[in-house]
Amino acid sequence: GQQSTHVLNDGSVLWLNSNSKVEVLFTANKRLFNLIEGEAHFKVQPDPDRPFEVYAGNRVVKAIGTAFSVYRLKNQIEVIVTEGKVDLAMVESTLVIATGDPQQFPLISLQERANSSATAPKVLTSLEAGQSVLLPVSSASLETPVENNAPGDLARKLSWLEGKLVFAGESLEEVVQEVSRHTPIV
C-alpha cells in the first residue's frame, strides 16, 4: 500500500504507486526506465540532449519535457499524458513474435539499451496533454483509439498521486482489483 516520490538527479520527479517496481539508468546521453510492474508518474525536466525513455513490456514512452503516467497491466499498458507531448513506440523482438509472451521483456538490460546503436523503436503515435491510450503488449500495432479525457477524468485516473482512489463507472471486479494493490484486506 505504500507510495513513494523520488526527485531524480536531473531534477525530474518520479512517483511510484502501490505495488510498483521500476529500474532506472542515467547515462551521459540517455535517461532510461524499465517499469517492471505497477504504475509510475513522471514529471520530466527538459533535456533535448538526453532522451527520457520509459520501457513497459514491448512499449516505449519517449519524452523530452512533459508529465505522464504509465500503468503496466497484465496484457495492456495504459499511458496518460498530463503535460506536453510523448511518442509511443514499440520494441521489435523476435522472441515475443515467436512466443507471443510479452512478459519476456525487457530482453536486454537498460545498460545494453544505453550502449546500443540499434535503430530507434518504431513510433506508433504521439499523445498530447489530456490524452490517454490502452496499448496491447502483444500486438505490433496500435489497436485502441487515443482517448481525449475531460479534466475531471484525468483527475480521477491520477487520484492516486494525492493518496486517493476515485472510481466512476468501473465494474466491481475492477474496483476490487485496484483496491487490492493498496491493501491485503478487500
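If you're wondering where the values come from, they're calculated on a predicted model, not measured in any experiment.

K.L.:
What is the right way to look at the packing of aromatic side chains in this model?
P.N.:
Think of a pair of aromatic rings as described by two things: how far the centres are apart, and how the planes are tilted against each other in angle. What the rule picks out here adds up to 6 aromatic pairs. On the numbers, 5.3 Å between centres and 65° between planes, the contact of phenylalanine 33 with phenylalanine 42 is edge-to-face. The exposure classification of phenylalanine 33 matches that of phenylalanine 42, with both residues buried. Site record: aromatic cluster; members linked through ring pairs are Phe26, Phe33, Phe42, Phe52 and Phe68.

K.L.:
Help me understand the nonpolar core, please; the structure alone is not making it clear to me.
P.N.:
In globular proteins that are soluble, nonpolar side chains generally tend to be buried together. Core analysis: the biggest nonpolar cluster contains 25 residues, and Phe42, Phe68 and Val70 have the highest contact counts within it. Of all the elements, strand E4 (residues 31–43) adds the most residues to this core, at 4 residues. If we skip the residues at most four places from it in the chain, phenylalanine 42 touches Val13, Leu14, Phe33, Phe52, Val54, Thr66, Ala67, Phe68 and Val70. Counting 8 residues, the second largest nonpolar core, distinct from the first, contains Leu25, Val60, Leu110 and Ala114.

K.L.:
Help me understand the pairing of strand E6 (residues 59–63) in this model?
P.N.:
On any regular strand, side chains alternate: one points to one face of the sheet, the next to the other face. Taken across its 5 residues, E6 has 4 buried, putting it largely inside the fold. Bridge analysis of strand E5 (residues 52–56) against E6 gives 5 bridges, and the strand direction is antiparallel. Residue pairing for E6: tyrosine 55 is matched across the bridge by valine 60. Between the end of E5 and the start of E6, which pair antiparallel, lie 2 residues, with glycine 57 showing a positive phi angle near 65°. Direction of pairing for E6 relative to strand E9 (residues 85–90): antiparallel, over a ladder of 4 bridges. Counted as the bridge partner of lysine 62 is aspartate 87 from E9.

Parameters and conventions
- Residues numbered from 1 in each chain as written.
- Predicted model: local features only at pLDDT ≥ 70, side-chain atom pairs only at ≥ 80, totals over all residues.
- Heavy atoms only, no water.
- Phe/Tyr/Trp six-rings, centres within 6.5 Å; stacked < 30°, edge-to-face > 60°.
- Buried < 20%, exposed > 50% of the residue type's maximum accessible area, 1.4 Å probe, protein only.
- Core = buried A, V, L, I, M, F, W, Y, C linked by side-chain atoms within 4.5 Å.
- Helix = DSSP H or I, 4+ residues; strand = E, 2+ residues; numbered from the N terminus.
- Contact = heavy atoms within 4.5 Å.
- Pairing = 2+ DSSP bridges.

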